[in-house]
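Chain by chain, the residues run as shown.
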Amino acid sequence: AGGAGGAGGAGGAGAGGMAGNSGVAGSNSAGSGGLESTCTQSGGTVTTALCCGVTEDFPNQCAVGACGCAPASSHQVKACSCPGGSCYDGHACVAQGK
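Draft legend 1. Representation of the overall build of the protein. Per the secondary structure count, the protein includes two helices and four strands. Secondary structure elements of the protein, listed N to C terminal, follow the sequence α-α-β-β-β-β. Out of the 98 residues in the protein, the part that is buried amounts to 27%. Partitioning the intrachain contacts of the protein with sequence separation of at least 6 by distance along the chain shows that 50% fall at a separation of at least 24.

Rendered as C-alpha cells:
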C-alpha cells in the first residue's frame, strides 16, 4: 500500500515537474482525465505536443501561440488532435474559425 501511494505521488510530481508549474499542475492534473474525455467524445484523439513552457495539458489549439515556441523553450504536454477542419478550443473539437 505504501508503494502504491509512493507511485501515485511520483506520478503527480512527474506531471508537475514536466509542466514546470507545480502551482497550477495540481488543478490541471485533476482535470486531465475530464479533458481527455471531452477530447475523445468530440471526435479527437489524445496525443502529445511540444508547447511553450507555461502551457498546460490540452491547450487551446484554435488560437495561435500556445505551441509556437522554440524547442528550447518548450515541453511535452497532452494535446487533442481533432479531425480535419476542426481544432481543440480547450474544451472540445470545434469547427476551425469559430
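Still more ground to cover, so stick around.
Draft legend 2. Seen up close, the environment of V77. Inspection of the secondary structure puts V77 in strand β2 (residues 74–81). For the pair V77 and L50, spaced 27 residues apart in sequence, the C-alpha separation works out to 6.4 Å. Apart from the residues within four sequence positions on either side, V77 is in contact with T47, T48, A49, C51, T55, E56, D57 and P59.

Draft legend 3. Region of the structure containing unusual backbone geometry. Phi at F58 takes a positive value of approximately 55 degrees, unusual for a residue other than glycine. Tracing the backbone shows F58 in the loop between β1 (45–52) and β2.

Draft legend 4. Structural view of the state of the cysteines. Overall, the coordinates contain five disulfides when judged by the stated rule. A sulfur-sulfur separation of 1.9 Å characterises the disulfide bridge that pairs C51 with C67. On the sign convention where negative is left-handed, the bridge of C51 and C67, at about 70 degrees about the S-S bond, is right-handed. Here C51, found in strand β1, pairs with C67, found in the loop between β1 and β2; they are 16 residues apart in sequence, far enough to count as distant. Taking relative accessible area as the criterion, C51 reaches 0% and is therefore assigned buried. Between the sulfur of C62 and that of C87 lies a disulfide, 2.0 Å long from S to S. Measuring the twist about the S-S bond at about 105 degrees, one finds the C62-C87 disulfide to be right-handed. Note that C62 is positioned in the loop between β1 and β2 and C87 in strand β3 (residues 86–88), a separation of 25 residues in sequence. Classification of C62 as partly exposed rests on a relative accessible area of 30%.

Draft legend 5. Representation of the environment of K78. In this structure, K78 sits in strand β2. What makes K78 partly exposed here is its relative accessible area of 32%. When the C-alpha atoms of K78 and C51 are compared, they prove to be 9.5 Å apart, with 27 residues separating the residues in sequence. Among the polar contacts listed, one links the side chain of K78 to the side chain of E36, at a separation of 2.6 Å.

Criteria and thresholds
- Residues numbered from 1 in each chain as written.
- Predicted model: local features only at pLDDT ≥ 70, side-chain atom pairs only at ≥ 80, totals over all residues.
- Heavy atoms only, no water.
- Helix = DSSP H or I, 4+ residues; strand = E, 2+ residues; numbered from the N terminus.
- Buried < 20%, exposed > 50% of the residue type's maximum accessible area, 1.4 Å probe, protein only.
- Contact = heavy atoms within 4.5 Å.
- Disulfide = S-S within 2.5 Å.
- Polar contact = N/O pair within 3.5 Å; in protein donor to acceptor, adjacent residues only side chain to side chain.

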